[in-house]
Amino acid sequence: MKPSDADLIFQHPNPVREGVSLLQGLLSRRSVSPRRLLKPGPNLSEVRQCVASALTAPDHCRLRPWRFILIDEQSKDQLGELFVQLKLNQKPDLSQFERDREKNRACAVPTLIAVVAKCTQAHPQVPVREQHASVGAAIQNMLLCAHGLGFGAKMVSGRKADDLELAAALGLTANEQLFGFVCIGTIGSDQRNTARPNVADHLTIW
Ligand SMILES: Cc1cc2nc3c(=O)[nH]c(=O)nc-3n(C[C@H](O)[C@H](O)[C@H](O)COP(=O)(O)O)c2cc1C
């Protein structure tokens, strides 16, 4: 059988050591605001590792209810203009500062990966909520992989996720939904670490 990307990328000789670092990575991950992300972002091989990690998400009936679009360096300007247009639709009197801010949401982020859900409607075994759970898990795996590679990352969406013009520009079809963008880059400056919730507040025993 042909080895998958994940098989090729993650051949570790010591599963115990790998387990420890995985746990540390899980517990230490935090989102890093795109404003704090600097170049360089991950190279193509590292982006592929992030996507390979996404593809190990739990996925009932192997529907693969996702796809990922890496925004090319040359396309960022176009995406930035789309973000500005979207904002103009909501607020026609944008200041230059607001225009630049919208544009930078695409242009200033080192690496942007659009996350698209493509769910099977009325599947006999897998309701859409389970497919959405798979997409969420894929996003988390991608964030964790970026963290493991030493990058900062954050998932962002905003109102953009519902914009049909943006979806069409990215080439989405009618049965696909934009979930947002995973932003990845080198961590530029420290940020305040918000406290994590207490386990006791989120775990009950029945
Ligand atoms: C699908 C999805 C979309 C999100 N969109 C946004 C967003 O547009 N803006 C934002 O500030 N946070 C957004 N978040 C939340 C952040 O990614 C992040 O989880 C949150 O800021 C908490 O930080 P933490 O991951 O360090 O706990 C989104 C999360 C998910 C799962």
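Residues numbered from 1 in each chain as written. Predicted model: local features only at pLDDT ≥ 70, side-chain atom pairs only at ≥ 80, totals over all residues. Heavy atoms only, no water.

A few words on a nonpolar patch on the surface. A contiguous nonpolar patch, built from Leu22, Leu23, Leu26 and Leu27 and spanning about 430 Å² of accessible area, is present on the exposed surface. Within the fold, Leu26 resides in helix H2 (residues 15-28). Exposure remark for Leu26: the relative accessible area of 41% places this residue in the partly exposed category. (Patch = residues over 30% accessible without salt bridge, like charges linked within 9 Å, V, L, I, M, F, W, Y side chains within 5 Å. Areas by Shrake-Rupley, 256 points an atom, 1.4 Å probe, with all protein chains shown as cover. Salt bridge = Lys/Arg side-chain N within 4 Å of Asp/Glu carboxyl O. Helix = DSSP H or I, 4+ residues; strand = E, 2+ residues; numbered from the N terminus. Buried < 20%, exposed > 50% of the residue type's maximum accessible area, 1.4 Å probe, protein only.)

To continue, consider unusual backbone geometry. A cis amide bond, omega 5 degrees, links Lys39 with the succeeding residue Pro40. Positionally, Pro40 belongs in the loop between strand E1 (37-38) and helix H3 (44-54). If you check the backbone angles, Cys61 has positive phi at about 65 degrees while not being a glycine. Tracing the backbone through its elements, the reader meets Cys61 in the loop between H3 and strand E2 (66-70). For Cys61, a relative accessible area of 36% corresponds to the partly exposed category. With phi around 50 degrees, Arg64 is a residue other than glycine that occupies positive phi space. Mapped onto the elements, Arg64 comes out in the loop between H3 and E2. Given the relative accessible area of 41%, Arg64 is considered partly exposed.

Let us now look at the layout of surface pockets. Computed from the structure, the second largest pocket encloses a volume of approximately 540 Å³. Considering the residues around the second largest pocket, the lining is formed by 23 residues, among which Pro34, Arg101, Glu102, Arg105 and Lys160 are closest to the centre. Elements supplying a minimum of two residues to the lining of the second largest pocket: helix H4 (76-90), helix H5 (96-107), strand E4 (152-156) and strand E5 (176-187). The residue makeup of the lining of the second largest pocket, split by class, is ten nonpolar, five polar and eight charged. (1 Å grid on protein atoms, 1.4 Å probe; cavity = no way out; pocket = protein on both sides within 12 Å on 5 of 7 lines; lining within 4 Å. Points joined across faces, edges and corners; volume = space filled by probe spheres on them. Nonpolar A, V, L, I, M, F, W, Y, C, P; charged D, E, K, R; others polar.)

Where a protein is soluble and globular, its nonpolar side chains tend to be buried together. Within the largest apolar cluster, 22 residues are counted, with the highest numbers of intra-cluster contacts made by Phe68, Met142, Val182 and Ile184. Residue assignment for this core shows that the elements contributing at least two residues are H3, E2, strand E3 (111-118), helix H6 (128-148) and E5. Looking at this core, the element that brings in the most residues is H6, giving eight residues. In contact with Val182, other than residues within four places in its own chain, are Thr111, Leu112, Ile113, Val115, Ile139, Met142, Leu143, Lys154 and Met155. (Core = buried A, V, L, I, M, F, W, Y, C linked by side-chain atoms within 4.5 Å. Contact = heavy atoms within 4.5 Å.)

If you check the shell around the ligand, you find Arg29, Arg30, Ser31, Lys154, Met155, Val156, Ser157, Gly158 and Arg196 and nothing else. Contact distances for the ligand include 2.9 Å between an oxygen atom and a backbone N or O atom of Gly158. Surface burial for the ligand is 53%, taken as the share of its 620 Å² of free accessible area covered by protein chains. Residues that form the shell around the ligand fall into these classes: two nonpolar, three polar and four charged. (Near = heavy atom within 4 Å. Polar contact = N/O pair within 3.5 Å; in protein donor to acceptor, adjacent residues only side chain to side chain.)

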